[in-house]
Amino acid sequence: MKLRRIMVAAVALAALTTSGCSGILSGGGSGGGSDKGPITLAAVIPTSGSSAPTGTYMENGMKMAIDEINAKGGVLDGRKLKLDVEDGACDPTQAAAAANKAVSNGAVVSVGGYCSGATLPTLPIFNSAGIPMIIPAANSEDLVTQKLPNVFLINGTGVQQAAAALKFMKKDGVASVALVDDNTSYSKDITAETKKDAEADGSVKVALATSVTAGESDYSSVVNQIMSVKPDMLYWTGYYQEGGLIINQLKAAGYTGKIMVADGSVDPSLVKIAGGTNADGVFATMTQTPDTIKGAESWIADYKKKFGSDPGPYSTQSYDAVKLAAHAITEAKSTKGADITKALEAVDGFKLFSGPLKFTPEHTLSNGGFQILVVKDGKFVLQDALS
Amino acid sequence: MTQLIWNGLFVGSFYALIALGYSMVYGIIKLLNFAHGDIYMLGAFIGFTVLSSFGGITASMSIISLLFVLIISMLLSGAAGVAIERIAYRPLRNSPRLAVLITAVGASFTLEYGVSAIAGPNPRVFPVRLGGNSFDFLGARLSVPQVILMAIAVVLMLGLNMYVQRTSRGRAMRAIALDPKGALLMGINVNAVITWTFFIGSALAGAAGVMAGAYYGKIDFLMGFIIGLKAFTAAVIGGIGNIKGAMLGGLLLGLLEAFGSQVFGGQWRDVFTFAVLILFLTLKPTGLLGERVTERV
Amino acid sequence: MSGAKLGENTDATMAPRRIGQPQSRISQFFESRQLGWVALGIALIMPFIIATNYAMNIMTTAAIFVLLASGLNIVVGYCGLLDLGYIAFMAVGAYTSGIIAKAFDLPLIFTIPAVLVMTILAGLIIGAPTLRLRSDYLAIVTLGFGEIIRLTANNLSITGGSSGIFGIPGLELFGIDLQQPVIFYYFCILVVSLFVLASGRLGKSRLGRAWRFVREDEDAAEAMGIHTYKVKLLAYIFGAVWGGIGGVLFAAHLSAVSPQSFVFLQSALVLMAVVLGGMGNMRGVVVGAVIISLLPEFLRDLGNYRYLAFGILLVAVMVFRPQGFWPARAWEPERPSDPPPEPVAAAGRAAKTKRKAR
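Small disclaimer: the values here were computed from a predicted structure and weren't measured.

Student: Quick question: what am I supposed to make of the overall build of chain B here?
Tutor: Summing up its helical and strand segments, chain B has 11 helices and four strands in all. Oriented by its inertia axes, the alpha-carbon framework of chain B measures out at about 55 × 45 × 35 Å. Residues counted as buried form 62% of the 297 residues belonging to chain B. Sequence-distant contacts in chain B: of pairs separated by 6 or more residues, those separated by 24 or more amount to 78%. Accessible surface, chain B as shown: approximately 11300 Å² in total, 68% of it carbon and sulfur. Mean positive and mean negative side-chain charge positions of chain B (20 and 10 charges, respectively) differ by 7 Å.

What follows is the structure, given as structure tokens:
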């Protein structure tokens, strides 16, 4: 009796699958969108969870670009741009669902992507829908090694950041460095690359390369290790929450060497968490922040007026992503993914905040655009443009 | 080496304060209050709120203002603990174990995401930080704030121990821990004592939260989760239900973690802690100072 | 004569007994026989109603979640072992199949034997030391194990570190590519229904009765000759295998496996599905799992508030309705004045007639 029921169900299932399929399968999400009406740009960014603040910075940057473009008449004969923000929450499963939702909502180009771990699963989803991706923030090497034709990164990669870091270390006369990461992929990328470059180059010795666990308060053991090794400089490649704590505890332990942080720690909160004047003099490898770009003052003022708060990391990159997408759509004269991808590859000299854009064959920035910032009076300012 | 020991002891004193609450509540109603670590977080946020509303205090905190904030925070965290007991645990006093444990998980979630809803998901910086000089002692670098905080923790723990041993309320707690029905028959107001236990345990956790906020400076709504687990480990090491055990367990765990991170690397720290927990529960479930219980552990 | 009809979650010939029909409509709904088939029917028809990639994606996720919930139901619902680190079994399954599929270029199907081996091993390793512990300790230790597995996956390079494994090949069966969203969805529904049916069957078997006995009163069970340790370990192992297969589906679904997917929150969500649906009540668990996994998608705008809602819901359910979602009859003592339940009445009548016939 039980078995018969299962058999019946199985046969029915088979029948359903083979017969009614055609109607269903074609009902799958279409990417292109109609011929008139707004063009949707999808943004899978974290709007909940601990990365939510950065998500807001990115969303606002995108909105600025969209409003700017729409005010000038939109693209392709007056079609306005629309932003579809879906919450990836820095979680792979949710980001995948969000990407699917964006595809179903008719996205033409994806301009989101912050947490590399959450962006990775969205790559094949956008790829199979033929939607090009312009990723403004996520920059793990794994995104590049996938070799998917529709993926473009406009944030300097870990490889480029490491190269910039080493360049500055040599320039600044650093003989020994301690590399500390927070055990996440993006952070480990940078330390691994820096270590590789330093060892190949030979002029900077890697005195220590270790990881810590993010989310804790007490980093006395790694502080101990650093103090016992006495490096000229500490390069911290994790995020600002832990970076601030480590700087605070290092200074309390009497560390007098230099400190440099990677772009994940470039946030005003780093200074606050480090406390007092502990963060003064800390260097940072960073692509660009609104404050460090010449001529961006008016952009910052506009942002402040529009959103009532300061821009933050990746506001400008997100702004650039939208502008680049609009440019590519205009150049391609169509909303078809393949045409836009070709147009993106053909971009030569398009002005981004980080400089003129030309993609490498791997679809990364040919000029990583990393600069060295330094904390002065509690704010990050440009120290060395490293060009 | 001594630096390692000092660091371990310092972190361990936080664990000990929180483990005390765990141990006390377990001893008296045999419940693992899963939400206890989140009371620690709540205490930190209460301290943050109190300090922010009194803005304009100088950067270096004076002892008096620290104590003031500490006391307020302890009172409010204690009240929160009592509230949780009333709402979530008391109705389930006669329910099967499973139900209460699940409720505790729910209470933990509610606290965490409730605070995140009110205060936002970003980490916050304590507006006033403990400053102070460092000095060298036996090869280790100690800072004045560290010594002060350790002192406060020790005072609280000793105070609690005296309370439980000497006062009649404390005796009532011990009586209920031994035999709830018997205690009831002897005229002890079991409900009131249980409420009081929750209050004290939560107050201690709240104190630890404020101290952590003042010392480390950064607080976020998930800080209670992992600390709760570590405090539980500490309580188990020392012997759950045993106050002196909780203190010992906390300090010991701090030391073990310091050495473990040194040997295995920072990223294995939590794995090491949990491995210690599992080892103890497998080999010596009653802990170092625990009494033999007739019930299977 | 066992008298166990399809869908009853208690066997009338042994304690615990059901005393009459469940009173409230909600309990009746959750324990009705037809619920499971209705749910299956709805699941099969869904693609005809809406078949966008997004809908298929979240429904496949829901199906995998149902599989996990049914596995946890074996551990928590049937056997009463509070496992707060259940997601670790799914992690083991997902990573095993992902690593092997990529390392040896195998289609995922062929990784299943390895997955079974690894998950059984995991169940043994996690179960062996912990099953002697009381339920409270068990809860925390299983949580600890869950974290250990996640952190280890995060730290080792064989598991891809914190990026995890990606580019996992899709499922292929007899040359048919199953990765088409709708086909993959149906495949998942098929696998999940088989496993749910299997776990229902397990619940009604001798082993299932032993589990329930252990859940009610372990010492009495031991005294009655049930080897409680072995029985509990078996519950764990079955739960592990269910979780592992869920992991394989998960790996195929996302084509990437990373440690972020196995945080404690996920274990807690599976637990919530089991609790909300009614521990030990497989059909209710299925419904609970569907609700828990789809609700966040519909509440996307609420962000962090959804977890706050879950926490409050959990407390509320436990405080106000543990009897509705929990086989209440399990906790009520036998009251001789109540009319006996149907099957027992029938047996009683049979006995009476037998006596009369004498």
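Student: How do you make sense of the interface of chain B and chain C when you look at a structure like this?
Tutor: Many structure descriptions define interface size as the accessible area lost when the parts assemble. At the interface, 44 residues of chain B touch 44 residues of chain C. The contact between chain B and chain C buries some 4000 Å² in all, and 77% of this surface belongs to carbon and sulfur atoms. Counting across the chain B and chain C interface gives zero salt bridges. In this structure, the connection of chain B to chain C is made through two residue pairs in polar contact (both at pLDDT 80 or more).

Student: Please explain the packing of helix α5 (residues 144–166) of chain B against helix α10 (residues 243–264) of chain B as it appears in this structure.
Tutor: Each packed pair of helices is defined by two parameters, the angle between the axes and the distance between the axes. All names here are of chain B. Contact pair α5 / α10: the axes reach a minimum separation of 10 Å and the direction vectors enclose 165°. By the criterion of interaxial angle, the relationship of α5 to α10 is roughly antiparallel. For the pair α5 and α10, the crossing hand works out as left-handed. Facing Met157, Leu160, Asn161, Val164 and Gln165 of α5, the residues of α10 in contact are Ile243, Lys244 and Met247. Of the residues in the contact of α5 with α10, the class split is five nonpolar, two polar and one charged.

Student: How should I be thinking about the side chain of B:Asn161 in this particular structure?
Tutor: Residue and element names in this part refer to chain B. Tracing the backbone shows Asn161 in helix α5. Judged by its relative accessible area of 15%, Asn161 is buried. Other than its neighbours up to four places away in sequence, Asn161 contacts Ile243, Lys244 and Met247.

Student: Please explain helix α6 (residues 168–178) of chain B as it appears in this structure.
Tutor: One turn of the α-helix equals 3.6 residues, which is why residues spaced by three or four share an orientation. Residues and elements named next belong to chain B. When we look at burial in α6, the residues that qualify are Gly170, Ala172, Met173 and Ile176. Taken down its axis, α6 places every buried residue within 155° of arc, on the same side. Projecting away from the buried face of α6 at angles above 90 degrees are the exposed residues Ser168 and Leu178. Where α6 is buried, its residues touch α1 (2–29), α5, α7 (180–185) and α8 (190–216).

Student: What should I look at first to understand the environment of C:Val75 in this one?
Tutor: Residues and elements named next belong to chain C. Of note, Val75 is situated in helix α3 (residues 53–78). Accessibility expressed as a relative area gives 1% for Val75, which makes it buried. Sequence separation of Val75 and Ala240 is 165 residues, and the distance between their C-alpha atoms is 9.1 Å. The contacts of Val75, once residues within four sequence positions are left out, are Gly80, Leu81, Asp83, Ala235, Tyr236 and Gly239.

Student: Would you mind showing me how to read the packing of aromatic side chains here?
Tutor: What describes a pair of aromatic rings is the distance from one ring centre to the other and the angle between the planes of the rings. On inspection of all chains with the given rule, the structure shows 33 aromatic pairs over all chains. When the centroid spacing of 6.1 Å and the interplanar angle of 15° are considered together, the rings of C:Tyr78 and C:Trp211 count as stacked. Taken as a pair, C:Tyr78 in helix α3 and C:Trp211 in helix α8 (residues 206–216) lie far apart in primary sequence, 133 residues in all. Taken together, the ring pairs in this structure connect B:Phe34, B:Phe109, B:Tyr113, B:Phe221, B:Phe225, C:Phe264, C:Tyr307 and C:Phe310 into an aromatic cluster.

Student: What exactly am I supposed to notice about unusual backbone geometry here?
Tutor: All names here are of chain A. Of note, the phi angle at Ala89 is positive, near 55°, even though the residue is not glycine. For Ala89, the location among the structural elements is in the loop between β2 (81–87) and α4 (92–104). On the accessibility criterion, Ala89 (16% relative accessible area) is buried. One non-glycine residue, Lys147, lies in the positive phi region at around 55°.

Student: Even after reading the chapter, I still don't get the interface of chain A and chain B, so can you show me in this structure?
Tutor: Between chain A and chain B, the residue contacts involve 26 residues of the former and 21 residues of the latter. When chain A packs against chain B, the two sides together hide about 2100 Å² of surface, and 49% of this comes from carbon and sulfur. Of all residues in chain A, A:Glu216, A:Asp218 and A:Asn224 bury the most surface against chain B, accounting for 22% of the area lost on that side. Connecting chain A to chain B are two salt bridges. Applying the counting rule to chain A against chain B returns three residue pairs in polar contact (both at pLDDT 80 or more). Within the residue set of the side of chain A that touches chain B, elements represented by two or more residues are α3 (52–71), α10 (220–229), α11 (240–253) and α12 (268–274) of chain A. A per-element tally of the side of chain A that touches chain B places α11(A) first, with seven residues. Considering only residue class, the side of chain A that touches chain B consists of nine nonpolar, 14 polar and three charged.

Student: Can you help me understand the side chain of C:Glu147 in this one?
Tutor: Mapping C:Glu147 onto the fold places it in helix α6 (residues 135–155). Its relative accessible area of 5% is what places C:Glu147 among the buried residues. Side-chain polar atoms of C:Glu147 contact the side chain of C:Arg150, separated by 2.8 Å. Ignoring sequence-local partners within four residues, the contact set of C:Glu147 consists of B:Phe274 and C:Phe264.

Student: Looking at this model, I keep getting lost on the state of the cysteines. Mind explaining?
Tutor: By definition, a disulfide links the sulfur atoms of two cysteines through a covalent bond. Residue and element names in this part refer to chain A. Enumeration according to the criterion identifies one disulfide over all chains in this entry. The disulfide that involves Cys90 links it to Cys115, with 1.5 Å between the sulfurs. In this structure the cystine formed by Cys90 and Cys115 twists about its S-S bond by roughly -80°; its chirality is therefore left-handed. Residue Cys90 is found in the loop between β2 and α4, and its partner Cys115 is found in the loop between β3 (107–110) and α5 (116–119); the two are separated by 25 residues along the sequence. Cys115 sits in the buried class, given a relative accessible area of 11%.

Conventions and cut-offs
Residues numbered from 1 in each chain as written. Chains lettered and ligands numbered in written order. Predicted model: local features only at pLDDT ≥ 70, side-chain atom pairs only at ≥ 80, totals over all residues. Heavy atoms only, no water. Helix = DSSP H or I, 4+ residues; strand = E, 2+ residues; numbered from the N terminus. Buried < 20%, exposed > 50% of the residue type's maximum accessible area, 1.4 Å probe, protein only. Contact = heavy atoms within 4.5 Å. Areas by Shrake-Rupley, 256 points an atom, 1.4 Å probe, with all protein chains shown as cover. Lys, Arg positive; Asp, Glu negative; His and termini not counted. Charge placed at Lys NZ, Arg CZ, Asp CG, Glu CD. Buried area = accessible area lost by both parts, 1.4 Å probe. Salt bridge = Lys/Arg side-chain N within 4 Å of Asp/Glu carboxyl O. Polar contact = N/O pair within 3.5 Å; in protein donor to acceptor, adjacent residues only side chain to side chain. Axes fitted to C-alpha atoms, helices over the stretch in contact; angles between N-to-C directions. Parallel < 35°, antiparallel > 145°, perpendicular 65-115°, else oblique. Left-handed = near helix turned anticlockwise from the far one by under 90°. Nonpolar A, V, L, I, M, F, W, Y, C, P; charged D, E, K, R; others polar. Arc of directions from axis to C-beta. Phe/Tyr/Trp six-rings, centres within 6.5 Å; stacked < 30°, edge-to-face > 60°. Disulfide = S-S within 2.5 Å.

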